[in-house]
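Topology and contacts: notes
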Amino acid sequence: MTSIPLFQKTCCQQRADTGGSPKLLAASEDQERGNLVITGMVQKLDQKLPVANEYLLLSGGVREGVVDLDLDELNVYARGTDYDMDFTLLVPALKLHDRNQPVTLDMRHSALCHSWLSLRLFDEGTISKWKDCCTIVDHINGATNYFFSPTKVADWFYDSISIVLSEIQKKPQRGMPKVEKVEKNGTIISIILGVGSSRMLYDIVPVVSFKGWPAVAQSWLMENHFWDGKITEEEVISGFYLVPACSYKGKKDNEWRLSFARSEVQLKKCISSSLMQAYQACKAIIIKLLSRPKAISPYHLRSMMLWACDRLPANYLAQEDYAAHFLLGLIDDLQHCLVNKMCPNYFIPQCNMLEHLSEETVMLHARKLSSVRSDPAEHLRTAIEHVKAANRLTLELQRRGSTTSIPSPQSDGGDPNQPDDRLAKKLQQLVTENPGKSISVFINPDDVTRPHFRIDDKFF
């Protein structure tokens, strides 16, 4: 069993790679005991967390877009300088398990893809335990409604972890990883752990876990999708989450965002390696280039990729040597969605994730993307050099540390998902051999019913 050097599974632990390193380090038996100690201490503080819980561990941090949490408060960490590996850990504070009917959420006060959560859905014991993490609304008829507050839950979670880690530091136990940094970034708790000479960044997200499927996304199931026949519908709709992030005009203390991270893990199984390589390369290019002012996140790019998978022929997407074509396509699709301020959520298409952007922000990022499109190979090589520099720094730090330390996944073998020089060379060849031509597929968010291929300036 693979363990997490912070939280130990108590029911069914899930782990998924969603774009980062596919390698998880095996923990020793001493670390396993340490996991149990930390989890038990957090749960025992006030018995709020479920005794039997299920955690979803995603390879890659919140900053890499593994979940739709585009927060203003996130601090900037650098691979190689601050950490060697990064993960996102979704920790259910509450669970609702009912597969028999679509889950109806209270979306009357929220933007699309968001919801408030009333504790009326839970038993009296749960309400009593979580009252202090709720906002209270008194109705005219005298009834009191408790709404689960993402900000108050995050505050409680951070305080609880801080207490536990303080106790552990007072009485260190064999096998416990070294805690190098603990920070609260909005509703996310970021922890950097030292294991040997490797440093692992965990973005810990308190969530509400649901089995089944939300009613608001029910119509999505009626459409044809690229994963049909490859995985079962039961695998795709086994559950969803509410994550602590509000809309741009929402109330931070009450509003949660729907997250389909569990489904996205399953869908990734059906995406070709060449398209995933193009996605990783495109993400490496834009993650810093378009970070300020905030507009496009890697999660937007992932949504565009899923739409492309739905729209384009499977035999085209399966071409092993088309990674460069797909990369150009993703850049063009990103530009189109940005200029039109239109990027539908994959699971709830009526939710446009870019409608809030100002014209000034759109034009600024559009110019940046135009620069990328004019010489994509050079931008990709720059991204590759940044990765190599981070790798060299990690290796140097490991040489200074213990010779028996656990190796970093960014060491000699490299990460197969990271962009490489071969893709840059292929990209340069395509651009050179087709001057003035656009070599890409085109995503039209307003018409996802048929494929659009772009060769030169023609659509068909």
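Numbering of residues starts from 1 in each chain and follows the order in which that chain's sequence is written. Only residues with pLDDT of 70 or above have their local features reported here, since the model is predicted, and side-chain atom pairs are shown and tallied only from 80 upward, although totals for entire chains, interfaces and linings are computed over all residues. Hydrogens and water are ignored here; the side-chain numbers use all heavy atoms of the structure.

1. Observations regarding the confidence of the model for the chain
Mean pLDDT for the chain: 77, with 72% of residues reaching 70 or above. Here strand β14 (residues 458-459) stands out as the element of the chain with the lowest mean pLDDT, 34, in contrast to strand β11 (residues 256-259), whose mean of 95 is the highest. Below a pLDDT of 50 lies the segment residues 17-36, which in the model reaches 59 contacts outside its immediate sequence neighbourhood of four places, other chains included. Scored from 0 to 100, pLDDT reflects the predictor's confidence in each residue. By the criteria applied, helices consist of DSSP H or I runs no shorter than four residues and strands consist of E runs no shorter than two, each listed in order from the N terminus. Residue contacts are counted whenever heavy atoms from the two residues lie within 4.5 Å of one another.

2. Side note on the pairing of strand β9 (residues 198-211)
Here the term buried applies to any residue with accessible area under 20% of the maximum for its type, exposed to any over 50%, and partly exposed to those in between, with areas from a 1.4 Å probe on protein chains only. Of all the 14 residues making up β9, 14 are buried; the element is thus mostly covered by neighbouring parts of the structure. Residues of β9 alternate between two faces, with S198, M200, Y202, I204, P206, V208 and F210 on one and R199, L201, D203, V205, V207, S209 and K211 on the opposite face, all of them buried. In terms of strand pairing, strand β8 (residues 188-195) meets β9 through 7 bridges, oriented antiparallel. In the strand pairing of β9, G194 is matched with R199. Two successive antiparallel strands, β8 and β9, enclose a turn made up of 2 residues, where G196 displays a positive phi of approximately 65°. Alignment of β9 against strand β10 (residues 239-243), held across 4 bridges, turns out to be antiparallel. Opposite V208, over in β10, you have L242 as the bridge partner. By the convention used here, strands pair only if DSSP detects at least 2 bridges between them.

3. Thoughts on helix α6 (residues 273-289)
What a helix is expected to span follows from its residue count: subtract one and scale by 1.5 Å. With 17 residues, α6 should reach 24 Å at 1.5 Å per residue; the first-to-last C-alpha distance of 25 Å fits that figure. Within the sequence span of α6, burial applies to S274, L275, M276, A278, Y279, Q280, A281, C282, K283, I285 and I286.

4. Here's the deal with the packing of aromatic side chains
The pairing test for Phe, Tyr and Trp rings, Trp by its six-membered ring, is centres within 6.5 Å, and the orientation test on the planes gives stacked under 30 degrees, edge-to-face over 60, and tilted for anything in between. In the structure shown here, the tally under the stated rule is 20 aromatic pairs. Where F148 meets W256, the ring centres are 5.6 Å apart and the plane angle is 10°; that geometry is what we call stacked. Of the two residues, F148 is situated in strand β6 (residues 144-148) and W256 in strand β11; the sequence distance between them amounts to 108 residues. Judged on exposure class, the residue F148 and its partner W256 are both buried. An angle of 5° between the planes, with centres 4.7 Å apart, marks the rings of F210 and F240 as stacked. Note that F210 is positioned in strand β9 and F240 in strand β10, a separation of 30 residues in sequence. Its end group placed over the ring of W130, K48 keeps NZ or CZ at 5.6 Å from the ring centre. Definition used: whenever NZ (Lys) or CZ (Arg) falls within 6 Å of the ring centre and also within 35 degrees of the ring normal, the charge is taken to sit over that ring.

5. Focus: the pairing of strand β7 (residues 178-185)
Residues in a regular strand point their side chains to alternate faces of the sheet. Direction of pairing for β7 relative to β8: antiparallel, over a ladder of 7 bridges. Residue pairing in the sheet places K178 in a bridge with G194 of β8. The hairpin formed by β7 and β8 contains 2 residues between the paired strands, and G186 there has a positive phi angle of roughly 65°.

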